[in-house]
Amino acid sequence: MARQAAAAFAANAPIAKTLRPVREESVDFDTTKNLFVEGDNLDALKLLQESYLGKVKLIYIDPPYNTGNDFVYSDSFATTKDEELRRSGQVTEDGVPLLANTSANGRFHSDWLSMMYPRLRLARNLLSDDGVLVVSIDENEHSNLVALCTEVFGTESYVGEIVLKNSSKNDQSYISMQHEYIVFFVKSRAANPGNWVERKEGLDKIYAAFESFSQQYGADWAAINAAAKDWYKDFAASDPVSGSKHYNWMDDRGIYFASDISGPNDGQYVYDLPHPTEGLPCKMPASGWRYPEEEMKRRVADNRVHFDVHHTSVPKNKTYLANTETQSLTSIRYVDGRAASKRLATLFGEKVFTNPKDELLLRDIYRAVGVGGEDVVLDMFAGSGSALQAVWELNLASGTDACFIGIQVAEDLNESLKTSKGTAKQITANAIKMLSRLGRSATVAEIGKERLRLAGNKLRASAPMLATGFRSLKVDTTNMADVLRAPDDTDQLALTELEGSVKPDRSSEDLLFQVLLDWGLELTMPISVEHLEGYEVFVVEDGALIACFDLEVSPELMRAIAKREPLRAVFRDSGFASDDARINTEQIFRELSPATDVKAI
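Attention in this report is confined to the structure presented alongside it. (Residues numbered from 1 in each chain as written. Predicted model: local features only at pLDDT ≥ 70, side-chain atom pairs only at ≥ 80, totals over all residues. Heavy atoms only, no water.)

**Quick notes on the sheet that holds strand β9 (residues 255-259)**
Rules: Here the rule is simple: two strands pair whenever DSSP picks up at least two bridges between them. Helix and strand assignments come from DSSP, with helices taken as H or I runs of at least 4 residues and strands as E runs of at least 2, each series counted from the N terminus.
The four strands lie next to each other as β8-β9-β11-β10, forming an open sheet whose pairing is antiparallel. Each having just a single partner strand, β8 (249-250) and β10 (305-306) make up the two edges of the open sheet. Where β10 meets strand β11 (residues 316-320), two bridges bridge the pair, whose relative direction is antiparallel. Bridged to His-306 within β11 is Lys-316.

**Observations concerning helix α11 (residues 386-398)**
Selection criterion: The span one expects for a helix is its residue count, reduced by one, times 1.5 Å. When a residue's accessible area, from a 1.4 Å probe over protein chains only, is under 20% of the maximum for its type it is buried; when over 50% it is exposed; and in between it is partly exposed.
With 13 residues, α11 ought to run about 18 Å at 1.5 Å a step, and its terminal C-alpha atoms sit 18 Å apart, in line with that. Burial of α11 is extensive: 10 of the 13 residues sit out of reach of the surface. Among all positions of α11, only Ser-386, Ala-387, Leu-388, Gln-389, Ala-390, Val-391, Trp-392, Glu-393, Leu-394 and Asn-395 are buried.

**Here's the deal with the pairing of strand β15 (residues 403-408)**
Working note: regular strand, side chains alternate between the two faces of the sheet. Applicable threshold: Note on handedness: a clockwise path from strand one over the helix to strand two, with the strands aimed away from the viewer, defines a right-handed crossover.
Most of β15 sits out of view: six of its six residues are buried. Here β15 shows a buried face lined by Cys-403, Ile-405 and Ile-407 and a second buried face lined by Phe-404, Gly-406 and Gln-408. Pairing analysis gives four bridges linking strand β2 (residues 35-38) to β15, with the strands arranged parallel. Looking at the pairing, Val-37 lines up with Ile-407 of β15. Relative to β15, strand β14 (residues 376-379) runs parallel, the two sharing four bridges. For Val-377, the partnering residue across the bridge sits in β15 and is Phe-404. The parallel pair β14 and β15 is bridged by α11, and the resulting crossover is right-handed.

**Remarks on the pattern of salt bridges**
Inclusion rule: Any carboxyl oxygen of Asp or Glu within 4 Å of a side-chain nitrogen of Lys or Arg constitutes a salt bridge here.
Per the stated rule, a full pass over the model turns up 40 salt bridges. Residue Asp-358 is joined to Arg-343 by a salt bridge in which the shortest nitrogen-to-oxygen separation is 2.9 Å. Taken together, the residues span a long stretch of sequence, with Asp-358 in the loop between α9 (337-348) and α10 (359-368) and Arg-343 in helix α9 at a distance of 15 residues. A salt bridge links Arg-440 to Glu-450; the nearest nitrogen and oxygen atoms lie 2.8 Å apart. Separated by 10 residues along the polypeptide, Arg-440 in the loop between α13 (422-437) and α14 (444-462) and Glu-450 in helix α14 bring together distant segments of the chain. On the accessibility criterion, Arg-440 (28% relative accessible area) is partly exposed. The exposure class of Glu-450 is buried, given its relative accessible area of 9%.

**What about the environment of Lys-169?**
Going by this rule: Whether two residues are in contact is decided by their heavy atoms, any of which lying within 4.5 Å being enough.
Inspection of the secondary structure assignment puts Lys-169 in the loop between β5 (158-165) and β6 (179-186). Classification of Lys-169 by relative accessible area gives partly exposed; the value is 37%. When the C-alpha atoms of Lys-169 and His-179 are compared, they prove to be 9.9 Å apart, with 10 residues separating the residues in sequence. Those residues within four positions of Lys-169 in sequence are excluded, and the remaining contacts are Ser-176, Met-177 and Gln-178.

**Looking at the packing of aromatic side chains**
To be explicit about the condition: Two rings from Phe, Tyr or Trp (for Trp, the six-membered ring) form a pair when their centres sit within 6.5 Å of each other. Planes less than 30 degrees apart are called stacked, planes more than 60 degrees apart edge-to-face, and all others tilted. Here, a charge over a ring is recorded when the distance from Lys NZ or Arg CZ to the ring centre is within 6 Å and its angle to the ring normal is within 35 degrees.
Counted according to the given criterion, the structure contains 14 aromatic pairs. Ring centres 6.5 Å apart and planes at 80° place the aromatic pair Phe-213 and Trp-231 in the edge-to-face group. Remark: Trp-231 occurs in helix α7 (residues 221-232) and Phe-213 occurs in helix α6 (residues 203-217); sequence separation between them is 18 residues. You'll find Phe-213 and Trp-231 in the same group, each marked buried. Taken together, the aromatic side chains of Phe-210, Phe-213, Trp-231, Tyr-232 and Phe-235 make up a single cluster linked through ring pairs. Directly above the ring of Phe-29 sits Arg-471, whose terminal nitrogen or CZ lies 4.6 Å from the centroid. Directly above the aromatic system of Trp-519 lies the positively charged group of Lys-599, at a separation of 5.3 Å from the ring centroid.

**Structural notes on helix α18 (residues 579-592)**
For the record, the criterion: This arc is taken over the directions from the axis of the helix to the C-beta atoms.
A rise of 1.5 Å per residue sets the reference length of α18, with its 14 residues, at 20 Å; its end C-alpha atoms lie 20 Å apart and thus fit the reference within 8%. When we look at burial in α18, the residues that qualify are Thr-585, Ile-588 and Phe-589. The buried residues of α18 all sit within an arc of 90° when viewed along its axis, so they share a single face. Turned more than 90 degrees away from the buried face of α18 sit Asp-580, Arg-590 and Glu-591, all of them exposed. On its buried face, α18 sits against α17 (555-563), β20 (568-571) and β21 (597-600).

**Brief notes about the sheet that holds strand β19 (residues 545-548)**
Counted only if it meets this: Here, axes are lines fitted to C-alpha atoms. For helices the fit covers the stretch in contact, and angles between N-to-C directions go from 0 to 180 degrees.
Read from one edge to the other, the open sheet built from five strands follows the order β17-β18-β19-β20-β21, with strand pairing classed as mixed. On the outer flanks of this sheet lie β17 (527-532) and β21, each paired with one strand and no other. Strand-to-strand twist of the sheet, defined as the mean angle between neighbouring strand axes without regard to direction, takes the value 20°. Relative to strand β18 (residues 535-540), β17 is paired through six bridges, and the arrangement is antiparallel. Counterpart to Ile-527 in the pairing with β18 is Val-540.

**Details of the packing of α9 against α14**
The following threshold applies: Reported orientations rely on four angle classes, namely roughly parallel under 35 degrees, roughly antiparallel over 145, roughly perpendicular from 65 to 115, and oblique for the rest. Following the grouping adopted for this structure description, the nonpolar residues are Ala, Val, Leu, Ile, Met, Phe, Trp, Tyr, Cys and Pro, the charged ones are Asp, Glu, Lys and Arg, and the polar ones are all others, Gly among them.
Two elements in contact, α9 and α14, have axes separated by 10 Å at closest approach and are oriented at 80°. On the basis of their axis angle, the class for α9 and α14 is roughly perpendicular. Here α9 contributes Leu-344, Leu-347 and Phe-348 to the contact with α14, which in turn contributes Ile-447, Glu-450, Arg-451, Leu-454, Ala-455 and Lys-458. Here the contact of α9 with α14 is composed, by residue class, of six nonpolar, no polar and three charged.

Coordinates in, geometry out; function isn't part of it.
Structure follows, in structure tokens:
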């Protein structure tokens, strides 16, 4: 209970931090709807609370699996950071990092849960009422994850999971685990009734095969049926194509399954149905026909009933593949775990990340659960960026305009290299060398950003209109410098001490994003920079906000901005030469734009 209380405190504890834009790391900074945030996701989630409250359709996370070898976040609840790191066994007594949470640790599971709990609490706030949480996990923390999420999201939130067969390894004691889990939770069953469907896998192969049969046999439907049955035999039972092998007939309309035509109630419709060539009554199903006689005649005339060669066989319905391409989201998946790694290695030119998640599988999951339009997808353990690229893949395949928020801590690859073994050690070394060549820090976050740049270029090569930009932000300390208290040590601040409260290394754009956070505005609003009356002015979303952070401002600038009647206007507090200047500004806006909310920082 103490650990749970501490974790809850971590979720609610305020922080003196902000998000700083990094324009030079971004792509299409001024217009993109996507965010990549570098920093601890606990801090980032807190900073995003107001701007994205209830606006995220889907949260996908691939958290540390807690295998004893992977990175584990640590939150300092009531202790200092150093004390917490030593207590949790993540550093030695001498402060040397140990990026593992070993099973020898008495709090092996509780430390992982304490890390996850506050993050899930904050993430829940961001989900829309019909929002979905999707979590990749293995057997180490699977049961704990389900228990934790049902506590945070409610007992009815758990709606099922996909068992992902992605390995053929045989190197474990007891039972060799060859699968992982993708677990699904909803914020509200009432708001999201679960009408989740997916396109059946293997359909493109089937359509291509029948096209070749048609070219070879023309309208010889029996020959096509025989060829199709032989073709289906080449696929293993685990192959998705085999799941549709009953679609082995074809006519002028397309591929179909000769399905049951019997009545739902015994003896409901009983009549003679003549065979189209023999003229004799066909054999009737034991429970009678499914349709009334007149409806059956219409179906026969429309060639929607499948007859065998002789009247002694029961006719069948024609159920066309084109009308049954979708199915409910299924709980068993066979995915070649090497495919995503190969695609990522091809993108970078070498292997730079171990075991990336499959962006095409995630694309299909997004589509199945209803991500579309301008929905927002959040990944707070972004890693190599698979879940983020999956949003672009969805937009490319479905014509949607969904966007993402990715969060990734600047995990030091040089530290990871010290504990890596085997293939992982070489892959980590590749990543460090690659980032060094690019002049970037050796962190996982930099891999994610570079992947987005490369994937964006590749996707735009085939779809130039596809939006593949992202706005890079970093969690940092507050923009405000520590302000000294008045000499009498009261809580009152001397007026002179307010001036120059902005840290000297912070830019006007830093202050702009602080204002967006403070006002709870989305951090992807389009931004343009103008020069008005000789001053640099930021115009956000055509006047939702106009800001000027120059060190001095004039009445002429105030009038020019007020005439535009923005919803909000903000200035640097020290930009006003005197209290009279502030009062004058208030009067100008009261006269020219009384609805504008004016603020000074």
